[in-house]
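Chains, contacts and geometry: an overview
So you can see what is in the structure, the chains are spelled out below.
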Amino acid sequence: MNRLLRKPSRSGLREAPGKFEKFGLVENPFPSEPVVNKDSTDRRINGDIYEIEIRRKEYEQIERNFLKQPQLDPNHLRLGFIIDTSYIGRGNGKSAFLINLQNGINEEYCLDISDGENKCFAVYVTPEPGGRTKTFPSFVDLIFESIVRSNLLDISVAILLIDAIREVYPNIELDDDEDLLIENLSSRAWYSTKEMDLSRLFTSIYANEFLQDLPPEFPLFLGRGSLLIDLVKSAHFKSYYAQLRKGKDRLEFVFSHLIRLFQAAGFNGAYLLVDDFERIPTFQSARQKTDFALELRSCLFDGLYLNSRLGFYNFFLVLHAGVPRMIAEAWQESGMENRCPISPSVESRHIIPFEKLSKDHASLLLQTYLAAYKIEGSGSNQLFPFTTEAVSAIGESSEYNAAKILKTSYDLLEQAAIEDGVVEISESFVDENRGRHETAADKAVRTIDNAPAMDLLKKAQE
Amino acid sequence: MARQRGNLQDIWSAFMNGPKLRTTRSRYGPDCRCPTPSVQQWQVTYGQPGMYHRLGVHLMRNNSSKPIHSVRRFYFLEYFYILLKSVEKYKDKNKVFDSFKILKKQHRLGESKYKSLVVEDENLSKTQLDRYRYTFEQVIDEAKDYRLVREPALGKLALGEPGRRLLRRYEENGLLEFNQSLCKLMESKYEAFRYIIELLYKMNESKSGLIFFPVYSPRQLGFDRSQIRTTADITDYAARLVTQLEADIQKYLGQEKYLGKENAKILAKLIESGLLKKERKSEFSQEKYNVIIKRFRDFWITYFLQDVYSYKYSLTSFDIWTYRAKQIGIIQATEFFPNFYGRIIYPTSVVVESTSSTDFKSLYRYPDGKRLYAHEPNVEQNQDKFIDCLVNGYFDLRGRYMSYFINLSALRELVCYNMKISEHFFERFLEHVYRLNLAGELKIGISLEVDRLPEETTAMYLKQEPVTIDGRKRNIIAIDVTKDRLHEPTIEKALTLWTA
């Protein structure tokens, strides 16, 4: 018979249960590699699944001492340190915390948090691990790249255009959809359809009081004086920045000129969240550390930049425990210690200790991940399939390190899913499988028994 | 404030002696704790004068003039330096002692190198003074044996010519060279290092002289402390411990041992001493829990040393000699080898007639023509080998859970064992490759960091020697392997293991 018409002796299953269905889960909610990647689309690792309660104390300190403080008061705190208190603090959720802090600020540009006092944006900055960022100017390059990546330049130009449209063409209706609006604002065709004259809009923009002392070559003024006004986009800023000389010109651009643009767009401050800050001093010589601290001081407090006068940018440096010691000397020599002590003897408002997780936190963490992948109507026990005792056991064995807790939970759930008859993850299941897992790990991690070693007698006799 | 913790010597010997020992200071001297099993051992080994010959124990080796067990009871070779320095300055013995005390503190002898464990009053208590005085006298006695100092009159001290030379050595060439010069003097009297190194190679030929002393607490064997209340519970722990030790001996030494008899001995001793009751169901005093567990540890360590490894002398003498050897760079001893509970010891030196390899440094020539060579590989020539060991060790330790950064001390253990080098040489190598890395001349990227320093964390870390690179203590490391190195066979192997 024709192979197209032949059938197997038994027809395929009409239905089969999902791998994690017996636990009321759509799929394994835990990440297999618990490393935060904010650009990933996987919710498990992009910081999207996040339990604010775990870091409530840290968040409230930031909110109270920074976000709610009026930006217009020149004495507001301009530099904060988020310092890990535990040894080998990686995987403790600092990056996830920062990403969520950034999202929280940007959601309403801090207007909701500060009761309308501040309109600020947040930018996430992270130095690359290879030690390329050794000097302050290269750190400034990173800040600029992060601002561009966060789309803030396009947003600022869009805000200016909206203000101008409202002023020049008050009868034009604007879209409520923010993304669509920004897209339209950057399209020449849209202005033609709406019968708007771009040059009139830009003339209105150029009249903004904050833009008056900017140099004429500033990218926003691209089309000024020419017949065909070009729509300014972040790419223009990028190419302009690239042609600026490294050092003073670029510093002037970021710490003075850009601030004017942001002010014109209605922002009165910004938060720069610098993750893994120690990647910078680790690779610096003592001299480089001092220079770096001196320039930071100049840009933040004492220089002639607009930022040092206004305190527009507020920095949060995320430090692992022990890093303060690494930069203490430079801080002292540069005078930063007087401005913003890194190792103060008393509790300080600008220091936010990042504590280790507790047992309750471990439980909350699992609940949050489980909730994100629960099948609707699959029971009210939020920890299911884990028992409370199992969570304690996982927490202890992972030394209450968030990344390790997630990884262990991932492995246990995978194991439980393939084992028949396992309907919940109990303490004994954790114990059994932790042992099994350690044995597997032992194979990868050498023990004294199979560690390679040189035969010294043989070498001496060769 | 009063003394808070034991000094480093105590900590070092804590492995052997366990926590909170009841000591017999008056007899063995205040700076040297001696646990109960060792007291008995001491009596057997040292006993009454003239007893050795009756027991037929050979306490003297070759023609050396001093028996191994008669080593003066201190661990740090730097004590010699501070004594010489003090004698150089003062003649009067009391003044020398005052200077010795100050320098002891400055050099952190008997302390963790990380921080002072003892918060002291300006005025030392009588006990502390006695302890210091004891160590002081011990160092003088040994220094006199080597003619480093002499006592021209009662209460007076003067430098001997060898002492003057040794002092210059320290100041011109540093601590390691100083220790190695002392090694010559010590070997000329005791030949203790040779005895121990040869014993190590003999005891485990297949693993190039590696010996181990496993230690398992009830927790490590899966017991919960709160559930250990009766004689029966302790018996269960003892049984599981014996099974584990038998398995370890089989696994690491390839020997079959049945330890049932020994186990009965320790249990009988515990009952005899009143720590446990005979009835299986009767509860023991929970206050004695640590004492009981320590007894097990002491018992099995002594058993391993004397019965498995046939070391003839006391545990304390072994302890002192191995720690001195570690400072010279000829033996490595550690309690922190990853994935191993207990202490391991292996030689980083050989005793042979000669070697053509330039990676060995001759430290001493014995009367029979053999020489003690320390393994000191040339840093530039062995740089690639070191990097391979570093990268492989890094991936081994990083495991599947770990973040980019791992504990540097743990990596040091793997690399030292792999290359059979001392901790001092590990630092030399790492410093060299780290500088190349900073200059961009390596295909791997190394990031050394100071995370939270051990002094800020648990006492566990206080026992470890810090890793100092570029004048700074470092404790975590991350390695980045660039793409073009990924396909090198050794790296590929490490990665395969890591991702397995």
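Residues numbered from 1 in each chain as written. Chains lettered and ligands numbered in written order. Predicted model: local features only at pLDDT ≥ 70, side-chain atom pairs only at ≥ 80, totals over all residues. Heavy atoms only, no water.

If you look at the biggest cluster of nonpolar residues, it comprises 153 residues, and the most contacted ones within it are Phe80, Leu83, Phe296, Tyr311, Trp321, Phe426 and Leu430 of chain B. Considering every element that reaches this core, the biggest residue donor is helix 13 (residues 289-308) of chain B, with 11 residues. Apart from the residues within four sequence positions on either side, tyrosine 311 of chain B is in contact with Ile68, Tyr195, Ile196, Leu199, Leu305, Gln306, Ser317, Phe318 and Trp321 of chain B. With 86 residues, the next largest nonpolar core counts Leu153, Ile162, Leu261 and Tyr305 of chain A among its residues. (Core = buried A, V, L, I, M, F, W, Y, C linked by side-chain atoms within 4.5 Å. Buried < 20%, exposed > 50% of the residue type's maximum accessible area, 1.4 Å probe, protein only. Helix = DSSP H or I, 4+ residues; strand = E, 2+ residues; numbered from the N terminus. Contact = heavy atoms within 4.5 Å.)

Attention shifts here to the pattern of salt bridges. Residues and elements named next belong to chain B. Applying the stated criterion to the full structure yields 40 salt bridges over all chains. A salt bridge links lysine 85 to glutamate 88; its shortest N-O distance comes to 3.4 Å. Here lysine 85 and its partner glutamate 88 are both found in helix 5 (residues 78-89), three residues apart, which amounts to about one turn of the helix. Relative accessible area serves as the criterion here: at 27%, lysine 85 is assigned to the partly exposed category. Linking lysine 326 and glutamate 423 is a salt bridge whose minimum nitrogen-to-oxygen distance equals 3.4 Å. Pair noted here: lysine 326 is in helix 14 (residues 315-328) and glutamate 423 is in helix 17 (residues 423-438), with a separation of 97 residues, a long-range link. Comparing lysine 326 with glutamate 423, the two get one shared label, buried. A single salt-bridge network, built from bridges that share partners, covers Lys66, Arg72, Asp141 and Asp145. (Salt bridge = Lys/Arg side-chain N within 4 Å of Asp/Glu carboxyl O.)

With that settled, consider the packing of helix 8 (residues 161-173) of chain B against helix 9 (residues 175-189) of chain B. Residues and elements named next belong to chain B. Orientation of helix 8 relative to helix 9, taken along the N-to-C sense of each, is 150°, at an axis distance of 7 Å. One finds that helix 8 runs roughly antiparallel with respect to helix 9. The residues of helix 9 that touch helix 8, namely those facing Leu166, Arg169, Tyr170 and Asn173, are Leu175, Glu177, Phe178, Ser181, Leu182 and Leu185. Partitioning the contact of helix 8 with helix 9 into residue classes produces six nonpolar, two polar and two charged. (Axes fitted to C-alpha atoms, helices over the stretch in contact; angles between N-to-C directions. Parallel < 35°, antiparallel > 145°, perpendicular 65-115°, else oblique. Nonpolar A, V, L, I, M, F, W, Y, C, P; charged D, E, K, R; others polar.)

For helix 12 (residues 260-272) of chain B, spanning 13 residues, the distance from its first C-alpha to its last is 18 Å, which sits close to the expected 18 Å at 1.5 Å a residue. Tucked inside the fold, the buried residues of helix 12 of chain B contact helix 11 (231-253) and helix 13 of chain B. (Expected span 1.5 Å × (residues − 1).)

Residues and elements named next belong to chain A. Ordered by their spatial adjacency, five strands build an open sheet running 2-3-4-1-5, and the pairing between neighbours is parallel. Lying at the two open borders of the sheet, with one neighbouring strand each, are strand 2 (120-125) and strand 5 (351-354). Each neighbouring strand pair of the sheet contributes to a mean axis angle of 15°, computed without reference to strand direction. Two elements, strand 2 and strand 3 (residues 269-274), share six bridges in a ladder whose sense is parallel. (Pairing = 2+ DSSP bridges.)

Looking at where asparagine 179 of chain B falls in the secondary structure, it is placed in helix 9. Asparagine 179 of chain B has contacts with Leu77, Gln327 and Ile328 of chain B, leaving out every residue within four places of it along the chain.

On to helix 10 (residues 192-203) of chain B. Its 12 residues place the ends of helix 10 of chain B 16 Å apart at the C-alpha level, agreeing with the 16 Å of an ideal helix rising 1.5 Å per residue. Of all 12 residues making up helix 10 of chain B, 10 are buried, and the element is well covered by its neighbours.

This brings us to unusual backbone geometry. Leaving glycine aside, a negative phi is the common case for residues, and trans is the common case for peptide bonds. Here phenylalanine 384 of chain A and proline 385 of chain A are connected by a cis peptide whose omega angle stands at 10°. Examined against the element boundaries, proline 385 of chain A turns out to sit in the loop between helix 14 (359-372) and helix 15 (388-397). Phi at tyrosine 109 of chain A is positive, roughly 45°, even though this residue is not glycine. Checked against the element boundaries, tyrosine 109 of chain A lands in the loop between helix 2 (94-107) and strand 2. The phi dihedral of lysine 420 of chain B is positive, around 55°, even though this residue is not glycine. Checked against the element boundaries, lysine 420 of chain B lands in the loop between helix 16 (408-419) and helix 17. Note on lysine 420 of chain B: relative accessible area 0%, which makes it buried.

Another aspect to go through is the environment of asparagine 381 of chain A. Within the secondary structure, asparagine 381 of chain A sits in the loop between helix 14 and helix 15. Distance from asparagine 381 of chain A to glutamine 367 of chain A, taken between C-alpha atoms, is 9.4 Å for residues 14 residues apart in sequence.

Residue and element names in this part refer to chain B. For chain B, per-residue confidence averages 80 on the pLDDT scale, and 77% of positions sit at 70 or higher. The spread of mean pLDDT over the elements of chain B runs between helix 2 (residues 25-28), the lowest at 32, and strand 8 (residues 371-375), the highest at 97. The low-confidence segment residues 1-63 (pLDDT under 50) makes 143 contacts with residues lying over four places distant or belonging to another chain. In this model residues 112-119 is a low-confidence stretch, pLDDT under 50, and it forms 36 contacts with partners more than four residues away in sequence or in other chains. This complex was scored by the predictor with a pTM of 0.56 and an ipTM of 0.78. (pLDDT = per-residue confidence, 0-100.)

Below, the discussion takes up a nonpolar patch on the surface. All names here are of chain A. Together, Met1, Leu4 and Leu5 make up a nonpolar patch on the protein surface, roughly 430 Å² of accessible area in all. Locating leucine 5 in the fold gives a position in the segment before helix 1 (56-67). Judged by relative accessible area, leucine 5 falls into the exposed class, the value being 55%. (Patch = residues over 30% accessible without salt bridge, like charges linked within 9 Å, V, L, I, M, F, W, Y side chains within 5 Å. Areas by Shrake-Rupley, 256 points an atom, 1.4 Å probe, with all protein chains shown as cover.)

In this section: the pairing of strand 3 (residues 211-214) of chain B. All names here are of chain B. Neither face of strand 3 is left uncovered, since the one carrying Ile211 and Phe213 and the one carrying Phe212 and Pro214 both have all their residues buried. Two strands pair when backbone bridges link them, and strand 3 and strand 5 (residues 342-347) are joined in this way by four bridges, in the antiparallel orientation. Among the inter-strand pairings, isoleucine 211 is bridged to a residue of strand 5, identified as isoleucine 345.

A few words on the side chain of aspartate 276 of chain A. As for its position among the elements, aspartate 276 of chain A is in the loop between strand 3 and helix 10 (286-302). Not counting residues within four places of it along the chain, the set of residues in contact with aspartate 276 of chain A comprises Thr126, Pro127, Val318 and His320 of chain A.

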